[in-house]
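One letter stands for each residue in the lines below.
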Amino acid sequence: MKTIKNIAVLTSGGDAPGMNAGIRAVVRTGIYNNLNVFGVRRGYDGLVKGEIVPMDAKSVANIIQRGGTILKTARSEEFKSYEGRKQAYENIKKLGIDALIVIGGDGTFTGASKFIEEFDVPILGMPGTIDNDLAGTDFTIGYDTAINTVVDAVDKIRDTAESHDRVFVIEVMGRDSGLIALRSGISTGAEAVLIPELNVDYDAIMKRLDKSRKNKSSRIIIVAEGDKEGGEVVADKIKENFPHYDVRLSILGHIQRGGRPSCMDRVLASRLGVASVEGLLEGRRGEMAGLICGQVQFTPFNKAIKHIDKINENLTRIVEILSL
Ligand code: ATP
């Protein structure tokens with residue numbers, strides 16, 4: 001096994017709060033272990049174009065509390081081709097970089113797996129995505145902050161909904177996964193939550209809305225963006241059924257990605273950053289560091305990217321029981 005002296009870290013795919021805490025942990029753990037650490041700007045795009053800069057302890061000072069990623073992130077079409085990946089390999093070889101740590105989601109790990117296969121470069125991954133849709137970790141970096149952002153926004157919408165006796169349909173992020181919708185729905189007392197993993201029983205939702213009329217003056221329906229119908233259609237259907245209701249649609253959009261990472265995301269990113277550098281030094285490669293039941297565990301990329309269904313049916317039941 002080749003001794004690792006120089007490592008590089010990059011953030012890739014969609015940005016997620018806590019990525020900076022992850023970068024900081026990798027850089028400082030590297031320095032702690034007498035490694036030279038580089039930062040790659042704009043994910044795989046920067047790897048292909050050679051945008052790679054040395055990092056020191058100071059370069060990651062005062063970033064743990066900042067959202068986004070100081071290294072920036074991008075989606076790279078070039079890295080999807082063999083030629084692009086070859087160019088990336090030549091760039092890291094020029095700088096003597098022996099290993100990489102990539103922070104991102106399933107696309108990032110798919111690209112990393114190909115890179116390892118073709119060029120024999122040790123790579124470890126950290127789960128950085130607000131969607132929490134990776135296997136091999138209970139929570140991904142960014143998810144906790146994102147759901148707290150949603151909860152904060154929905155609480156504010158509830159105030160105005162209550163004052164005007166309105167029904168609000170609120171669309172939240174989650175193209176393939178309803179995890180943001182489900183947890184934020186429970187914690188904001190939503191009357192219904194619609195997610196891509198489950199078929200919608202409109203009759204049941206309409207009955208629930210009708211039944212709750214006596215007890216409530218506001219109603220909140222949370223819809224994941226990947227839901228088969230989407231927020232707009234759901235709002236239209238409610239209007240059709242209850243023409244006397246004042247129905248409004250609110251699409252939360254990109255505010256869900258930003259903001260200061262929560263304590264949980266900072267600690268998660270710090271733990272996984274330390275574990276990733278130590279894992280590389282122990283000879284690990286092709287795996288994602290995650291936290292399962294409070295313990296750091298490594299999961300091969302090909303297993304981590306499997307879209308396992310993390311929807312706990314008990315949580316969907318809770319929404320129904322508590323929405324009387
Ligand atoms: P998020 O969950 O936030 O979307 P992600 O890591 O899944 O994050 P993607 O845009 O899917 O985000 O992937 C990030 C990058 O990984 C892509 O821009 C591309 O460069 C690389 N990548 C994705 N799929 C492949 C693939 N099949 N082969 C090679 N590289 C890939």
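Keep in mind that this is a model prediction, so the values were computed, not measured.

Notes on the UniProt feature "binding site: ADP" (unreviewed entry) in the protein chain
In this numbering, the UniProt entry assigns the feature "binding site: ADP" (unreviewed entry) to R24, A25, V26, V27, R28, R158, G189, A190, E191, K216, S217 and S218. With the annotated positions falling across 195 residues, the maximum pairwise C-alpha distance of 52.4 Å shows that they are not confined to a single cluster. With respect to the secondary-structure elements, R158 resides in helix 5 (residues 143–164). For R158, a relative accessible area of 17% puts it in the buried group. The residues contacting R158, other than those within four sequence positions of it, are T188, G189, A190, E191, S218, R219 and I220. At a separation of 3.3 Å, a polar atom in the side chain of R158 contacts the main-chain carbonyl oxygen of T188. Since its relative accessible area comes to 37%, G189 is described here as partly exposed.

So, the nonpolar core
By size, the foremost hydrophobic cluster in this structure holds 55 residues, and its most contacted members are I7 and I180. For this core, the leading source of residues is helix 5, giving eight residues. In this structure, this core is formed jointly by two domains, domain 1 (6–142 + 261–304) and domain 2 (144–257), each of which donates at least three residues. Leave out the neighbours within four places in its chain, and I180 touches I130, D131, Y143, A146, I147, V150, V172, M173 and Q256. If you look at the next biggest cluster of nonpolar residues, it comprises 25 residues, including L10, F79, I116 and A304.

The rules behind these values
- Residues numbered from 1 in each chain as written.
- Predicted model: local features only at pLDDT ≥ 70, side-chain atom pairs only at ≥ 80, totals over all residues.
- Heavy atoms only, no water.
- UniProt positions renumbered as here; feature names shortened; annotations may be inferred.
- Helix = DSSP H or I, 4+ residues; strand = E, 2+ residues; numbered from the N terminus.
- Buried < 20%, exposed > 50% of the residue type's maximum accessible area, 1.4 Å probe, protein only.
- Contact = heavy atoms within 4.5 Å.
- Polar contact = N/O pair within 3.5 Å; in protein donor to acceptor, adjacent residues only side chain to side chain.
- Core = buried A, V, L, I, M, F, W, Y, C linked by side-chain atoms within 4.5 Å.
- Domains from an automatic or database assignment.

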